[in-house]
Amino acid sequence: MNHLPLIIKREYLTKVRNKSFILMTFLSPLIMIGLFMLIFYLTQLNNSKERTISILDETGTISQIFTEDEDETTTYNILKGISLEEAKKQVQETEEYGLLHIPKMTSTEEIAEQIKFYSEDSPSQKFISRLERQLSKELTDVAMVKNGVEVELVESSKMNVAIVQESFTGERTSKFVNYSKLGFGLAAGYLLFMFIIIYGNMIMRSVIEEKTNRIIEVIISSVKPVQLLMGKIIGTSLAGITQFLMWVILGGIMMVVFSLVFGVDLAGMQTAQQTELLAQGADMNMQMQISEVYQSLPLGNLVVAFFIFFIGGYLLYSSLYAAIGAAVDNETDTQQFMMPIMVPLILAVYVGGFTVLEDPHGTVATIFSYIPFTSPVVMLMRIPFGVPLWQQLISVVILYISFTGTVWFASKIYRVGILMYGKKASYKEIFKWLKY
Amino acid sequence: MSSILQAKDVVKKYGDYTALNKVSIDVPKGSIFGLLGPNGAGKTSLIRIINQITAPDAGEVLLDGAALQQFHVKDIGYMPEERGLYKSMKVGEQVLYLAQLKGLTKSEAKIRLQYWFEKFEIMDWWNKKIQELSKGMAQKIQFVVTVLHQPKLLIFDEPFSGFDPINANIIKDEILQLRDEGATVIFSTHRMESVEEMCDHIALIHKSNKVLDGKLTDVKRQYKSNTYQVGIAGGDNQQLRKTLNDKFELTDATFKSIDDDLKVNIKLQNGDTSNDLLSYLTSTGQVNHFVEVIPSVNDIFIQTVEKNN
């Protein structure tokens, strides 16, 4: 008698109908978007602060670069004919943001070393950097003129290098494309990581629930424990996938609604890194770059591998979660057994992330993409950079063989553990169960 | 009478610990079979093997003459001692699910469930969640779950714990009715009075070994000590006692009586019959009370366990 579909159906429906599950499904995207909006709003608020600073320029020439305002948030007040002490006092009284002091020196080098900024509180680093950038440019120009160098000539001689990377088979790539690939890989790996933690815990709780409700013995007098275990894992996974899909759909809808209502330009929400990347590849326009990323990504491979590694990795870990659930009596006892699960997972995400960033085909990254407990995450990170098919196949085979191993191991523990009430499980105890 | 269930030399080990040491039982068809034993004797281990929850390390279990197989689960109804239901699932839905796991189709299960719910007058529980029910109510549902698929063999582990006396009686009557309809019942319990009342066969497991089994009447016959409880009046009770004491093995007895009798237990020597005793007693005094002392299951239980300790 195959009861698997029946068990899957029950597990799925119980999860999906659960009030807190429904609440989380609808609330999470709202909270996430809300948080995102809040952060965006606060960052803008922080940056758009209007400032007035006074400048005491004893050279009388350098301060002219501050006349035209760069971003219209800073007002410059050029002081003339007063001493530094008087200027300091005045700025303190008027509660301006600060005082920039440019002393008169004989050489430009000395001026460069002696420029000071006085302020009440420590100033924004971003603001100071901008001042420094403006001042160095001006002082450099002044020094060049002094040394008899023609500034225009220097400007026109400046070369901007953006190395175009091309593989021997003719695939072109660039820094931007590589970063995008890394983004894809990290996103896929992270998604799996989150999925394992959230829904693995859900499976564990559901096993514990059956134990504490004492229904387990009734059930396994009808079905084989392995069948119940598999039904639980599959049913919960389907509920998880449902929730994820709902999040994607709701998230998408809400993004659109928010951007329409609040008029936030979504395309304008770029991080500093992205802006920098764009600046580096300034000769290419955005459209071209996106199409280039799209073309250079092994999309078919990525999609297929994503499903294979996602399912394999998830099943591998969730069977272990189920085993933990079977071994303990309540959730507080699970802590000691969580370590062996969390360590390889975290290792996968962080070590994987860093080594792939360093070199997607480096030794460590390659080895980690074979070890079954890290391979799903690390391989998903590597695949956007193109991994030879044979490597992927070996990794998949190892993963699925290990999966049968962990399911065997988990079902052994599960079979014994679910019937053990009130006994505190230790590693030693569990090791003994394997022999029952 | 043929047997529905036979366990032959069943051995079960957990690591170094032997939970069952070559235990054999034979459950006759249509009987109510009491599986007795102190805590930790191995009863639950045996029941779990019969339910195929665990497998024996040696020996075999036959159901209706055939070795146990997965499809046999539909022939067995099991109410474990550690029992429960999904707390947040609705009653009707839950019972249907568990019945389907036992191999019933959904429509079949629905019809039978309606029958039982009407019988217990609990139709309005259908859409309630288990957590809204009292413990006794949940136990009733548990009973329905156990019997819904009309199994040939019913196994109850401490069936009356958690029931109030009224509901315990209802369940007892239902069990007896199921037996009359042809089912065989295995009882595992500490409550000796219910064994006395219901069981016709018993087996006693102690420290992983079966120490006693058979038809309850046979067991009792085997354990009776040829002792008779006597109430006799013959003028001077002290004198009477002395006379009897010279001839028989006497112990004091207590029972209710309206007469001022000498109350004693008289143990007969080998060869003597109750008629011999009675005729002697009638020649000595007025016999107001004469009854054979038959050991209760409780006595047998305690006696056997202590003997084997």
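Residues numbered from 1 in each chain as written. Chains lettered and ligands numbered in written order. Predicted model: local features only at pLDDT ≥ 70, side-chain atom pairs only at ≥ 80, totals over all residues. Heavy atoms only, no water.

Asks: How should I be thinking about the nonpolar core in this particular structure?
Replies: For soluble globular proteins, the rule of thumb is that nonpolar side chains tend to be buried together. All names here are of chain B. Grouped together as the largest cluster of nonpolar side chains are 157 residues, with contacts concentrated most on Leu5 and Ile141. The residues contacting Leu5, other than those within four sequence positions of it, are Ile25, Asp26, Val27, Ile50, Val61, Leu62, Leu63, Leu153 and Ile186. Ranked by size, the runner-up nonpolar core spans 14 residues in total, among them Phe248, Leu250, Leu262 and Val287. (Core = buried A, V, L, I, M, F, W, Y, C linked by side-chain atoms within 4.5 Å. Buried < 20%, exposed > 50% of the residue type's maximum accessible area, 1.4 Å probe, protein only. Contact = heavy atoms within 4.5 Å.)

Asks: How should the interface of chain A and chain B be read in this particular structure?
Replies: Interface size is commonly expressed as the accessible surface area that is lost when the partners come together. Facing 25 residues of chain A, the contacting portion of chain B comprises 32 residues. Where chain A packs against chain B, one counts two salt bridges. The partner of Arg17 of chain A in a salt bridge is Glu93 of chain B, with the nearest N and O atoms 2.8 Å apart. One can count 11 residue pairs in polar contact (both at pLDDT 80 or more) joining chain A with chain B. Only helix 1 (4-17), helix 7 (175-212) and helix 8 (216-220) of chain A provide two or more residues apiece to the side of chain A that touches chain B. The dominant element in the side of chain A that touches chain B, judged by the number of residues it contributes, is helix 1 of chain A, at six residues. Tallied by class, residues from the side of chain A that touches chain B come to 11 nonpolar, four polar and 10 charged. (Salt bridge = Lys/Arg side-chain N within 4 Å of Asp/Glu carboxyl O. Polar contact = N/O pair within 3.5 Å; in protein donor to acceptor, adjacent residues only side chain to side chain. Helix = DSSP H or I, 4+ residues; strand = E, 2+ residues; numbered from the N terminus. Nonpolar A, V, L, I, M, F, W, Y, C, P; charged D, E, K, R; others polar.)

Asks: What is the right way to read the packing of aromatic side chains from this model?
Replies: All names here are of chain B. All told, the structure shown has 23 aromatic pairs over all chains when counted by the stated rule. Between Tyr228 and Phe290, the aromatic rings sit 5.3 Å apart at their centres with planes inclined by 15°, giving stacked as the arrangement. One end of the pair, Tyr228, is in strand 11 (residues 227-233); the other, Phe290, is in strand 14 (residues 286-292), with 62 residues separating them in the sequence. Residue classification places Tyr228 among the buried positions, given a relative accessible area of 7%. Sitting over the ring of Tyr280, Lys247 keeps its end group 5.2 Å from the ring centre. Note that Lys263 overlies the ring of Phe255, its terminal NZ or CZ placed 5.5 Å from the centroid. (Phe/Tyr/Trp six-rings, centres within 6.5 Å; stacked < 30°, edge-to-face > 60°. Lys NZ or Arg CZ within 6 Å of the ring centre and 35° of its normal.)

Asks: I would appreciate a short explanation of the UniProt feature "transmembrane region" (unreviewed entry) in chain A in the present structure.
Replies: All names here are of chain A. Summarizing the sequence annotation, UniProt attributes the feature "transmembrane region" (unreviewed entry) to residues 21-42, 182-203, 244-264, 296-317, 337-357, 364-383 and 389-410 in the numbering used throughout. The span residues 21-42 shows a helical share of 100% and a strand share of 0%, and its end C-alpha atoms are spaced 31 Å apart. A distance of 15 Å separates the end C-alpha atoms of residues 364-383, which is 65% helix and 0% strand. (UniProt positions renumbered as here; feature names shortened; annotations may be inferred.)

Asks: Explanation requested: the sheet that holds strand 12 (residues 249-252) of chain B in the structure shown.
Replies: Strand pairing within a sheet occurs via backbone hydrogen bonds; the two strands may be parallel or antiparallel. All names here are of chain B. The strand order across the open sheet built from four strands is 12-13-11-14, with neighbouring strands paired in antiparallel fashion. Among the strands making up the open sheet, the edge pair consists of strand 12 and strand 14. Between one strand and the next, the sheet's axes are offset by a mean angle of 30°, whatever the strand orientation. Of the strand pairs in this sheet, strand 11 and strand 14 are connected by six bridges, and their pairing is antiparallel. Paired with Gly231 across the bridge in strand 14 is His289. Lying over the sheet, helix 8 (residues 237-247) contacts strand 11, strand 12 and strand 13 (262-267), oriented at roughly 5° with respect to strand 13. Contacts from helix 9 (residues 274-284) reach strand 11, strand 13 and strand 14 within the one sheet, and its direction differs from that of strand 14 by about 160°. (Pairing = 2+ DSSP bridges. Axes fitted to C-alpha atoms, helices over the stretch in contact; angles between N-to-C directions.)

Asks: Even after reading the chapter, I still don't get the sheet that holds strand 1 (residues 3-14) of chain B, so can you show me in this structure?
Replies: Residues and elements named next belong to chain B. Pairing is antiparallel across the open sheet formed by four strands, whose spatial order is 2-1-4-5. The sheet terminates laterally at strand 2 (17-28) and strand 5 (66-67), the two strands that pair on one side only. Of the pairings in the sheet, the one linking strand 4 (residues 58-63) to strand 5 comprises two bridges and is antiparallel in character. Looking at strand 5, one finds that Leu63 is bridged to Ala66. Strands in contact with helix 1 (residues 43-50) are strand 1, strand 2 and strand 4; relative to strand 2, the strand with the most contacts, it is inclined by about 65°.

Asks: Even after reading the chapter, I still don't get the UniProt feature "domain: ABC transporter" (unreviewed entry) in chain B, so can you show me in this structure?
Replies: UniProt annotation of "domain: ABC transporter" (unreviewed entry) refers to residues 5-232 of chain B when read in the numbering used here. Regarding residues 5-232 of chain B, the helix share stands at 34% and the strand share at 30%, and the terminal C-alpha atoms are separated by 49 Å.

Asks: When you look at the confidence of the model for chain B in this model, what are you seeing that I'm missing?
Replies: Fine structural detail should not be taken from predicted coordinates in areas where pLDDT scores are low. Residues of chain B with pLDDT of at least 70 account for 100%, and the chain-wide mean is 87. Here the prediction assigns the complex a pTM of 0.74, and the interface score ipTM is 0.79. (pLDDT = per-residue confidence, 0-100.)

Asks: Help me out: how do you make sense of unusual backbone geometry in this one?
Replies: Trans is the common state for peptide bonds, and a negative phi is the common state for residues other than glycine. Positive phi values are uncommon outside glycine, yet Glu95 of chain A reaches one of about 55°. In this structure, Glu121 of chain B takes a positive phi of about 55° despite not being glycine. Positionally, Glu121 of chain B belongs in the loop between helix 3 (106-119) and helix 4 (135-147).

Asks: Honestly, the domain arrangement of chain A in this entry has me stumped. Any pointers?
Replies: When the domains of chain A are assigned, the result is domain 1 (50-157) and domain 2 (187-242 + 296-433). Just the C-alpha atoms count here: the centres of domain 1 of chain A and domain 2 of chain A sit 59 Å apart. (Domains from an automatic or database assignment.)

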